[in-house]
Amino acid sequence: MKDLKHLIYFENLLDETNNELVRKAKEDGKLALGFTCYHMPEVLLNVDNCFSVRMRAPNTGSVDIASYYMSNYTCEYCRALLERSIEGGYNFLDGICGVDACAQMNRCMENIELLKCVDKPNFFVTHADIPYKYTDYTLKHYVTQMQNRVLNTMHEKLGVDISDAALRDAVARHNEICRIITEISELRKLQNPPVTGYEFHIINMVSFCCPQKLILPYLKETLEEIKTREPEPKFPFRARLVMVGSEIDDPEFTKLVEMCGAMVVADRYCFGSFPSRERIEIREGESAYDAICRHYLHWNQCARFMSGDKIDQRHTEVKRLVDEFKADGVVYENMKFCEFWSYEKVLGSFVLQNEMGVPCCTIEKEYALGSVGQLRTRFQAFVESLEIKKIQAEEVV
């Protein structure tokens, strides 16, 4: 296929957290707010003159200093963020909005705050308590937490306008981003899609890591380009996969999978588009703020949720993606030392294989790809097994 016009530019934007568009927004007087998790509503961090940056640590090398503060047996993503903070990589941030969802990430942000990694007069690190299930009373608690720990803190520390009108404006812009990403995503359902999983991963990532107002024109242009793009004469992959799991912010991981012969047609992981790119509906008589909180708690499928309905929702959603995107199998991934996804990987793959009849491959990976030989072997073997299943199914018919 013909190369996308902005793909190299997008790749360059992802090479650093303080990228060109982030620097431009800061020069224009905008306020940068970092976050790491879907539990923290992205749209709240894009209200008024703020913009959100989903925190990453691209090109991570040693995390020795962070390991000193957090130990070798904690999630490498958390350690990479702390290491990058100590190096001064997040000095452009005006605040970090965290959630008490993962103890390891809590320790990361606690150290960022205690070590004064970002030395600004009004810089803040805030944490919101997150429920383990979705009910009327947990929604009420979530609403209170987001108001007190996030919006009020933004207003008090940075003077941000948190009115209903400002929130509605942020929702409208957020929904436009979601519309574009979803339209591109839907094209992956085609038998021979005009976009690869690697390209989609990059496009979705820049929507998380760049100021929305500045990245929006590029996304619009890219959508129109993909709509008229001629795909390869023949589908260039041997299988179609749904990727499910914890934090995956490096598109090179998706490229590795696709070099092994399987296109990633749906991304159900942290930093993926399922969930995160569903449009927010403000019901009649509902405030924008209440709609945002309801939306995020409903769509959230974090492995931290322990209630039966949320567990079933996670597995049903993966099966839906398999069916709608015509996937041949699922890869369940977890970051090394990630407690929640270590459990969910085992449970989810068992349910998908034994109760829903979906072939699964389970892997554990480190934050920095580094040596990929073992992963490549696993992916290649899984792709071959899917091909064998296809041949056997055809013989039966």
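Quick caveat: nothing in here was measured; it's all calculated off a predicted structure.

### Details of the pattern of salt bridges
Okay, so step 1: One pass over the full model with this rule turns up 28 salt bridges.
Okay, so step 2: Its salt-bridge partner being Glu-183, residue Lys-227 comes within 3.2 Å of it at the nearest N-O pair. Note that Lys-227 is positioned in helix H9 (residues 212-227) and Glu-183 in helix H7 (residues 164-186), a separation of 44 residues in sequence.
Okay, so step 3: Residue Lys-227 is classed as partly exposed on the basis of its relative accessible area of 44%.
Okay, so step 4: Arg-229 serves as the salt-bridge partner of Glu-199, at 2.8 Å between the closest nitrogen and oxygen. On the criterion of sequence distance, the pair formed by Glu-199 in helix H8 (residues 197-209) and Arg-229 in the loop between H9 and strand E5 (239-247) is long-range, its members being 30 residues apart.
Okay, so step 5: Note on Arg-229: relative accessible area 9%, which makes it buried.

### So, the sheet that holds strand E8 (residues 360-365)
Okay, so step 1: With respect to topology, four strands assemble into an open sheet ordered E6-E5-E7-E8, the strand pairing being parallel. Looking at strand neighbours, the two that pair on one side only are strand E6 (262-270) and E8, the edges of this open sheet. For this sheet, the mean inter-axis angle between neighbouring strands, taken without regard to orientation, is 20°.
Okay, so step 2: With six bridges joining them, strand E7 (residues 329-335) and E8 adopt parallel strand pairing. Along E8, the bridge assignment pairs Met-335 with Lys-365.

### Examining a nonpolar patch on the surface
Okay, so step 1: Residues Ile-65, Tyr-68, Tyr-69, Ile-86 and Leu-115 make up a contiguous nonpolar surface patch of about 490 Å² in total accessible area.
Okay, so step 2: At three residues, the largest contribution of residues to the nonpolar patch is made by helix H3 (residues 64-70).
Okay, so step 3: Its place among the elements puts Ile-65 in helix H3.
Okay, so step 4: Ile-65 gets classed as partly exposed once you look at its relative accessible area, which sits at 42%.

### A short note on unusual backbone geometry
Okay, so step 1: Residue Pro-275 is bonded to the preceding Phe-274 through a cis peptide linkage, with omega at -10°.
Okay, so step 2: As for its position among the elements, Pro-275 is in the loop between E6 and helix H11 (288-299).
Okay, so step 3: Although it is not a glycine, Asp-48 sits at a positive phi angle of roughly 55°.
Okay, so step 4: Tracing the backbone shows Asp-48 in the loop between strand E1 (31-35) and strand E2 (50-54).

### Concerning the nonpolar core
Okay, so step 1: Judged by nonpolar contacts, the single largest core of 79 residues is most densely connected at Ile-215 and Val-330.
Okay, so step 2: Per element, the largest residue contribution to this core is eight residues, and it comes from H8.
Okay, so step 3: One finds Leu-31, Leu-45, Leu-139 and Tyr-296 within the second-largest nonpolar core, a separate group that totals 39 residues.

### Considering the packing of helix H6 (residues 136-158) against H11
Okay, so step 1: The contact between H6 and H11 brings their axes to 10 Å, and the two run at 120°. For the pair H6 and H11, the crossing hand works out as right-handed. Judged by residue contacts, Thr-138, Leu-139, Tyr-142, Val-143, Met-146, Gln-147 and Leu-151 of H6 engage Tyr-289, Asp-290, Cys-293, Arg-294, Tyr-296 and Leu-297 from H11.
Okay, so step 2: Here the contact of H6 with H11 is built from residues that sort into nine nonpolar, two polar and two charged.

### Observations regarding helix H10 (residues 251-259)
Okay, so step 1: Every buried residue belonging to H10 is among Pro-251, Phe-253, Thr-254, Leu-256, Val-257 and Glu-258, and all of these are buried.
Okay, so step 2: Of the surrounding elements, those touching the buried residues of H10 are H8, E5, E6, E8 and helix H14 (373-396).
Okay, so step 3: For H10, the N-terminal cap is Asp-250; the gap from its side-chain oxygen to the backbone nitrogen of Glu-252 is 3.0 Å.
Okay, so step 4: Downstream of H10 by a residue or two, Gly-261 has a phi angle that is positive, lying close to 105°.

### Here we look at the packing of aromatic side chains
Okay, so step 1: Considering all chains together, one arrives at twelve aromatic pairs under this definition.
Okay, so step 2: For the ring pair Tyr-68 and Tyr-69, a centre distance of 5.1 Å and an interplane angle of 85° mean the geometry is edge-to-face.
Okay, so step 3: Overall, Tyr-68 belongs to the exposed group, its relative accessible area being 68%.
Okay, so step 4: Between Tyr-77 and Tyr-367 the ring centres are 5.4 Å apart and the planes differ by 40°, which places this aromatic pair in the tilted class. Here the residue Tyr-77 occupies a position in helix H4 (residues 76-86), and Tyr-367 occupies one in the loop between E8 and H14, the gap between them amounting to 290 residues.
Okay, so step 5: We classify Tyr-367 as buried; its relative accessible area is 6%.
Okay, so step 6: Here the aromatic cluster, defined as three or more aromatic residues joined through ring pairs, consists of Tyr-77, Phe-208, Phe-271 and Tyr-367.

### Some remarks on the sheet that holds E1
Two orientations exist for strands paired in a sheet by backbone hydrogen bonds: parallel and antiparallel.
Okay, so step 1: The strand order across the open sheet formed by four strands is E2-E1-E3-E4, and the pairing between neighbours is parallel. Edge positions in the sheet fall to E2 and strand E4 (124-129), since each has one partner strand and no second. When strand polarity is set aside, the average angle formed by the axes of neighbouring strands in this sheet is 25°.
Okay, so step 2: Two strands pair when backbone bridges link them, and E1 and strand E3 (residues 95-100) are joined in this way by two bridges, in the parallel orientation. The residue bridging Gly-34 from the neighbouring strand is Ile-96, located in E3.
Okay, so step 3: Of the strands in this sheet, E1, E2, E3 and E4 are in contact with H6, which crosses E4 at around 170°.

Basis of the calculations
Residues numbered from 1 in each chain as written. Predicted model: local features only at pLDDT ≥ 70, side-chain atom pairs only at ≥ 80, totals over all residues. Heavy atoms only, no water. Salt bridge = Lys/Arg side-chain N within 4 Å of Asp/Glu carboxyl O. Helix = DSSP H or I, 4+ residues; strand = E, 2+ residues; numbered from the N terminus. Buried < 20%, exposed > 50% of the residue type's maximum accessible area, 1.4 Å probe, protein only. Pairing = 2+ DSSP bridges. Axes fitted to C-alpha atoms, helices over the stretch in contact; angles between N-to-C directions. Patch = residues over 30% accessible without salt bridge, like charges linked within 9 Å, V, L, I, M, F, W, Y side chains within 5 Å. Areas by Shrake-Rupley, 256 points an atom, 1.4 Å probe, with all protein chains shown as cover. Core = buried A, V, L, I, M, F, W, Y, C linked by side-chain atoms within 4.5 Å. Left-handed = near helix turned anticlockwise from the far one by under 90°. Contact = heavy atoms within 4.5 Å. Nonpolar A, V, L, I, M, F, W, Y, C, P; charged D, E, K, R; others polar. Polar contact = N/O pair within 3.5 Å; in protein donor to acceptor, adjacent residues only side chain to side chain. Phe/Tyr/Trp six-rings, centres within 6.5 Å; stacked < 30°, edge-to-face > 60°.

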